[in-house]
Amino acid sequence: MADNGPSGLLEACLVVGVSNERLKELCLGKDKELLVEAEVLQVHAPPFVKKESSSNGVVQDHAPAFSRGQRRRSFKKRDRPVSTISDSGKINESAVVVSDDLSVPQNIDLIALPQLCFPDGLRITNECREDSYHFLVFTDVFGTQTHGVVAQYCKPIHFQQDNVMHQNGHQSTKLQRLYTTYSICVISKYPYYNALRDCLSCFLLQLKTSRMTEFEEQVKEFSAKLALVPLPPPGPLHVVFNLRPLRIELPSRLDVDRPVLDLDLHLPFLCFKPKQILQIISCILMEQRVVFLSTNWAKLTLVAECFMIFIHPLRWQHPFVPVLSRQMLDFIMAPTAYLMGCHTYHFNEVAEELDDLVLIDIDQGTVMCSSLGKLDIPDVPLEARECFISRARGLQLHYDLDLCHTGSRTDINELRAHRRQWQHRVNSVILNVTMELIVNIFSEVCDFLNYEHRVFNSEEFLRSRDTTDHTFYKRVLDTHIFHSFLRDRLNRKNDAFTRMQLNIRSETRRMKTMTESPRRPTIEEINRKNCRPENGLNSRLGKSMPNLADYRLLTIPVQRVSIRTMPLQSGSWGPSRPIRIFKLPEFPPPLAYHYVQKYYYDLISQLSRAITATPDDSALLARYYYLRGLVNSVAGRRVDALGDFQSLYKTDMDIFPAELLTALVESLPPQERKTAEHRPELKRLISRVKRENERERMQPDGGTVKRFELPRKHLHVEDFVRRVQESGIVKDLGTIQRLFEALTVGQQKQVDPETFRFFYSFWKETEAAAQDVDLPAVVLEHLETDECVYKLSSSVKTSHGVGKIAMTQRRLFLLTEGRPGYVEITKFRDIEDVKISSAPFLLLRIPSLKIKTAFRKESFEANLKSECDLWHLMIKEMWAGRKMADDHKDPQFMEQALTNVLLMDAVVGSLQSQKAIYAATKLAYFDKMKLEVPMMVPKTTSETLKHKINPSLDQTSPQAVDVLLYTPGQLGVSELDGGGNPKLWCALSDGKVLVFDAASWSMQQNSVQVGTSRLNCMLAVNQQQLWIGSKDSFIYIINPRSVSCNKQLTEHRCEVTGLTLEERVDKFSQTVAYSCSEDGCVIVWDVSSLQVRRHFRVSCDRLQSIQIQNGMLWCCGRDCVLELRRNGTVHRKMSLPDHLLSSPRGFSSFLLFNESEQLWAGFAEAGELCVWHYRELNKPFIRIQLKDCAGVVCMIKVKNQIWVGCHGRSAAGKARGKIYVVNTDRYTVEKELVAHADSVQTLCSAEDRYVLSGAAQDDGKIGIWKVE
């Protein structure tokens, strides 16, 4: 949600200079330059209009101008009176603005401000200087920033004494004229540097043509005008207003996580070469003490702010003072990291103070160290560096080149608009270039995070980096800036970094989410190395162990794309919508209360007209609602403001101003609160605000981040599970519990710290060795590109010669010694038997491993000696896993078997005792399953099942698949705009939605969190809306293209159980959707506007689902199925059959067949279907028995079949889910499919070619079934 920013553009406006009284003292009889001390002469802060009483005498209880009074403090007067300057020469004591009652923004230091407004001092000069501008940043103790724009302008010194006009203290005009400088500083919460500079330029033009007697009033009027300007919310709407002679444009933030961007991002590229820009970014990421230097004060802030934007989403956590006056140079002695700026004149003074400063000369484009030695800052990682330099060289940064083909523009506002458009394009490209740099540097950090325990495994991350980059990452990983970045990643923040990361990651990395294969260099990756044919394998690979959390391979061939060669897409991480402009009304005389109120009402009317004119553009509507709510709140129309903010639920929740709304709710007078609570939607809004505030108070810090550490005390099973999950070795709870049993064989059920350290060290050392493997070229030719070598024996004698036995996820092969060669032993699916025998050797018998395969008469035999028992265990486990994977069409079984095998190897290698092999048997999960339970899958099931996928791979245990929805592909839609491939939407427990590419079954996006409750139903309304009904009574709306949820429908009071869409009669009719909740409430929605057309209540026991058929609405409750007319009146009713009246859960689902006028119904606690002719309910219904079914959960129609998902029990009493395929013509069960190891929760059809099934929690998988 958007944070509560200030309502208006202006926080405060200050005038800084020398008072008229002080000038008389200093200048009397002087005609040379003087350096004088500046002081604050005026302070103007909203509100500018006092509260007035209405006609009935009631005081208006609202601020009549945009203000933030709750965040201000009083400013005390100085001892010496402050005065304004008048043409008459009299001290205007009555015009003193700084008073005991005045309040100014809390983080503005009025004592230090004069030094910042005149950083090189205030001088009385004998020549008039040109107006100049510079920019300031103020930071309070909480790190909150405000921003200032300072305009300096010169005025000649005039004052009167004894009714005689004096110049420089003399009546004569022969002496040289003297000038003094005044600064006007406009302070805003957001960095609107260009816009505020434009405003000050207009104001200075006005000042130069006016008298000094009007000075104070003009400054106050100027300030009041800026205070009336509302700030646009994040998104595609800019606010424009006139401040003659210019038209000022306020750009909005690109999204809620981005800062305001109102400066020229190409400035650093004009000042520095790409290599220097990378050096500066590296210094910032490492939290060095950085000092920018320039002879131009304006450059200091603008360039420093650009670098703050370049490192987004990382945020600078230390002092940020881009402008230091000469009196403030002591600040560079601060013991912490900082980023500061000062005049180049002070270079030597600054360089001599400290030895480790990074000095950046903006004018010269140099980066150096304050000491005589070379700057010791590690380079940015090579791949990211080369990519950035290549991108930077292609930037088009010169505006004049863009004007070569155009004529001269005669209108200044038209010229400025053209310049803004050019700057917007350049900024967009630079934002993408710098964001790509940050993603290339930190993208793989996410692979080493444990989200459940909030742990970052920094050691493993460093091991995965090139050795040349270790110095860079070691220094960055220990910074505050990186810690904050980790916290956002662990909170699964969907920001610009996440969006670009998803866009640029390769297809191989997309596929990793589909299986949980241990990480090893694939053959494709080995081929990229500089392979030498004479090279053998690393000798340590025989003990190597992978990190199970990374590369996960499918048998589907994929193409790998390097992020270095990807074309850069403009807007690849951010919104690509065209920018719309909203022009404010002309400013009123702002110091008159009734004029200000009229201005607000005109603005509200204008926004209302804009809302009416854009009914179909929800993003734009949300911005108009936000602005109208803002204006309503400051105009005193609080209830109307609540209504506007409530509308954001249906248009764009991302910009919901939570803090502003909290303040608004708390400020409601009793009468207005009563009025608001009479409106149901506002009553829910107020309640929700309270709940959100309670939740935020419970989690104020956003979560902690831990680094993985080895244990220092004995671990019981719960602690052991947590430690292993934190380490990244494996996540699955069952596997970790079996590993615990293996490591505690023959001892107390606890793992001592030394055993854990041996196991972990063995795992990591051998994993590191695996990265150095080089396979001979003759071997690479025989392996698939995605195969990895996971285990290598020592050199042994075999029936095929002497060599090393190698194991991949698919096969065993022999690496022959002498001349490197390849001899295939077998693929795991071709094994028929594995056993240990003994081979005679002199007077001894050497343990020998025999493998019998399907395609060779003779068995393969290898004298593995002491390794024989371990290889026997591993091969049997891989064989059993391969067989289960093939029978169940589930590649995860093979990946899990591979995990078990590698854990066996680690256990044996770390225990080094006689019990090691017995301990390893505890991990032989599939081999034991083969012995205990027959693994044969019924032929019908095997032939119909195409594939299984596991959506819970990133979870510690399986999650129930509650809802599945297939959406077809869209022609002509780019990959960056949501992709043209079909998608599978999967709702897991607790409001999590996953998205799969239905062409490759690879996970497309990170999960989308929609609430925290179970999701009951999904409906693809159109290409822009996917509705999801939740147990928490909300309907969440996801944009299928951006895969983001930023809308909600909140009208239901109870659990939403059903959604359906009415087909349009013609292309001119509006699309209508229906939703129902368990309390019997049915709501009819206008899809385009998301407004309620009508609603009614159905009388039944727990309304569970609805369907629309021929203009009639069918509703299924537990006790009956009802046919309703459009107005909600009952047309027909079908009650439970007599033999099921005692069933408390009654109906579970139903289907309608328009052609045969049939209604098919299933029952929650009965293994049968009933079929009615709904036109003739007096006819006997047909009963279809479902063998071994305890109850029907869901049904779908596919061609002329009904697919029925059920729950039941096996002969052994274990839960299982079956699917029954019923022929609708013959009313017979054609197929009985043993689908899942738990209840079938949901079914959906993929274009009548496939049916997809989702299982309950004990299974948690998705089955893909072929339709015949």
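Residues numbered from 1 in each chain as written. Predicted model: local features only at pLDDT ≥ 70, side-chain atom pairs only at ≥ 80, totals over all residues. Heavy atoms only, no water.

Below, the discussion takes up the overall build of the protein. Within the protein, the regular secondary structure consists of 33 helices and 59 strands. Sorting the 1268 residues of the protein into buried and exposed places 58% on the buried side. Sequence-distant contacts, at least 24 apart, represent 63% of the contacts inside the protein between residues at least 6 apart. Surface summary for the protein: the accessible area is close to 53600 Å², and the carbon and sulfur share equals 48%. (Helix = DSSP H or I, 4+ residues; strand = E, 2+ residues; numbered from the N terminus. Buried < 20%, exposed > 50% of the residue type's maximum accessible area, 1.4 Å probe, protein only. Contact = heavy atoms within 4.5 Å. Areas by Shrake-Rupley, 256 points an atom, 1.4 Å probe, with all protein chains shown as cover.)

Moving on to the packing of aromatic side chains. With the rule as written, the count across this model stands at 40 aromatic pairs. By way of ring pairs, the aromatic residues Phe442, Phe448, Phe456, Phe461, Phe472, Tyr473, Phe482, Phe485 and Phe497 are connected into one cluster. Over the ring of Tyr399 we find Arg419, and its NZ or CZ is 5.0 Å from the ring centre. Sitting above the plane of the Tyr451 ring, Arg492 keeps its charged end 3.9 Å from the centroid. (Phe/Tyr/Trp six-rings, centres within 6.5 Å; stacked < 30°, edge-to-face > 60°. Lys NZ or Arg CZ within 6 Å of the ring centre and 35° of its normal.)

Let us look at helix 14 (residues 480–490). Burial runs high along helix 14: eight of the eleven residues are buried. Buried within helix 14 are the following residues: Ile481, Phe482, Ser484, Phe485, Leu486, Asp488, Arg489 and Leu490. Positioned one or two residues after helix 14, Arg492 has a phi angle of 55°, which is positive.

What follows deals with the sheet that holds strand 20 (residues 455–456). The three strands lie next to each other as 19-20-22, forming an open sheet whose pairing is mixed. In this open sheet, the two strands that pair with only one neighbour each are strand 19 (449–450) and strand 22 (706–707). Relative to strand 22, strand 20 is paired through two bridges, and the arrangement is parallel. Considered in strand 22, the bridge of Val455 is made with Lys706. (Pairing = 2+ DSSP bridges.)

So, about the confidence of the model for the protein. When pLDDT is averaged across the protein, the result is 84; 84% of the residues are at 70 or more. Predicted confidence for residues 53–61 stays below pLDDT 50, and this span has eleven contacts to residues more than four positions away or in other chains. The low-confidence segment residues 569–575 (pLDDT under 50) makes 21 contacts with residues lying over four places distant or belonging to another chain. (pLDDT = per-residue confidence, 0-100.)

All right, on to the nonpolar core then. Ranked by size, the top nonpolar core spans 208 residues in total, and within it Phe241, Phe292, Phe307, Phe442 and Leu642 carry the most contacts. Dropping the residues within four chain positions of it, Phe241 is found in contact with Leu9, Cys199, Leu226, Val229, Leu246, Arg247, Ile248, Leu250, Leu584 and Phe587. Within the second largest apolar cluster, 65 residues are counted, among which are Val455, Phe759, Leu870 and Ala919. (Core = buried A, V, L, I, M, F, W, Y, C linked by side-chain atoms within 4.5 Å.)

Read from one edge to the other, the open sheet built from four strands follows the order 41-42-43-44, with strand pairing classed as antiparallel. In this open sheet, the two strands that pair with only one neighbour each are strand 41 (1056–1062) and strand 44 (1091–1097). Averaged over neighbouring strand pairs, the angle between their axes works out to 20° when direction is ignored. Bridge count for strand 43 (residues 1081–1086) against strand 44 is six bridges, and the pairing is antiparallel. Note on strand 44: the bridge partner recorded for Trp1085 is Val1092. (Axes fitted to C-alpha atoms, helices over the stretch in contact; angles between N-to-C directions.)

Right, let's talk about the pairing of strand 57 (residues 1240–1246) for a bit. Where burial is concerned, most of strand 57 is hidden: five out of the seven residues are buried. Bridging between strand 57 and strand 58 (residues 1250–1255) involves six bridges; their strand directions are antiparallel. By the bridge assignment for strand 58, Thr1242 is matched with Gly1254. Linking two consecutive strands that pair antiparallel, namely strand 57 and strand 58, is a turn of three residues; a positive phi of about 55° is found at Glu1247 within it.

Turning our attention to the pairing of strand 1 (residues 12–17). Each regular strand displays side chains that alternate between the two surfaces of the sheet. Most of strand 1 is tucked away, with six of its six residues classed as buried. Side chains of strand 1 alternate between two faces, with Ala12, Leu14 and Val16 and Cys13, Val15 and Gly17 buried alike.

A few words on helix 13 (residues 470–477). Buried within helix 13 we find Phe472, Tyr473, Val476 and Leu477. Looking straight down helix 13, one finds its buried side chains confined to an arc of 115°; they lie on one side. In this structure, the buried residues of helix 13 make contact with helix 6 (274–285), helix 11 (412–442), strand 20, helix 12 (458–464), helix 14 and strand 22. (Arc of directions from axis to C-beta.)

Further remarks concern the packing of helix 19 (residues 618–634) against helix 20 (residues 638–646). Two quantities define a packed helix pair, namely the angle between the helix axes and the distance between the axes. It is at 8 Å that the axes of helix 19 and helix 20 come closest, and there the two elements cross at 165°. Between helix 19 and helix 20, the crossing angle belongs to the class labelled roughly antiparallel. Helix 20 is crossed by helix 19, and the crossing has left-handed handedness. Of the residues in helix 20, those in contact with Tyr625, Tyr626, Arg628, Gly629, Leu630, Asn632 and Ser633 of helix 19 are Arg638, Asp640, Ala641, Asp644 and Phe645. Of the residues contributing to the contact of helix 19 with helix 20, the split by class is five nonpolar, three polar and four charged. (Parallel < 35°, antiparallel > 145°, perpendicular 65-115°, else oblique. Left-handed = near helix turned anticlockwise from the far one by under 90°. Nonpolar A, V, L, I, M, F, W, Y, C, P; charged D, E, K, R; others polar.)

Here we take up the packing of helix 26 (residues 733–743) against helix 30 (residues 891–911). At a minimum axis separation of 11 Å, helix 26 and helix 30 run at an interaxial angle of 25°. When the axes of helix 26 and helix 30 are compared, the pair comes out roughly parallel. The handedness of the crossing between helix 26 and helix 30 is right-handed. Between helix 26 and helix 30, the residues in contact are Thr735, Arg738, Leu739, Ala742 and Leu743 and Gln896, Thr899, Asn900, Leu903, Val907, Ser910 and Leu911, respectively. Across the contact of helix 26 with helix 30, the residue classes tally to six nonpolar, five polar and one charged.

Tracing the sequence through the fold places Lys930 in helix 32 (residues 925–932). Classification of Lys930 as partly exposed rests on a relative accessible area of 25%. Taking the C-alpha atoms as reference, Lys930 lies 8.8 Å from Met884; in sequence the two are 46 residues apart.

Once that is clear, we can look at the pattern of salt bridges. As enumerated under the stated definition, the model contains 56 salt bridges in all. Glu221 is the salt-bridge partner of Lys225, the closest N and O atoms lying 3.9 Å from each other. Within this pair, Lys225 and its partner Glu221 are both found in helix 4 (residues 215–227), separated by four residues, close to a single helical turn. Of the charged contacts, one joins Lys1261 and Asp890 as a salt bridge, the two residues approaching to 2.5 Å between their closest N and O atoms. Taken as a pair, Lys1261 in the loop between strand 58 and strand 59 (1262–1266) and Asp890 in the loop between helix 29 (868–888) and helix 30 lie far apart in primary sequence, 371 residues in all. Taken together, the shared-partner salt bridges connect Asp257, Arg315, Asp488 and Lys493 into one network. (Salt bridge = Lys/Arg side-chain N within 4 Å of Asp/Glu carboxyl O.)

Looking now at unusual backbone geometry. Between Pro46 and the following residue, Pro47, the backbone shows a cis peptide bond with an omega angle of 0°. The omega torsion of the bond from Arg244 to Pro245 falls at 10°, within 30 degrees of zero and hence cis. Phi angles above zero are rare outside glycine, and Arg1102 is one such case at about 50°. Take Arg1102: it is sitting in the loop between strand 44 and strand 45 (1103–1109). Its identity as a non-glycine residue notwithstanding, Glu1247 has a phi of 55°, on the positive side. Among the structural elements, Glu1247 can be located in the loop between strand 57 and strand 58.

Tallied over the entire structure, the rule returns zero disulfides. As a non-bridged cysteine, Cys986 has Cys1244 as the owner of its nearest cysteine sulfur, 9.6 Å distant. Note on Cys986: relative accessible area 0%, which makes it buried. (Disulfide = S-S within 2.5 Å.)

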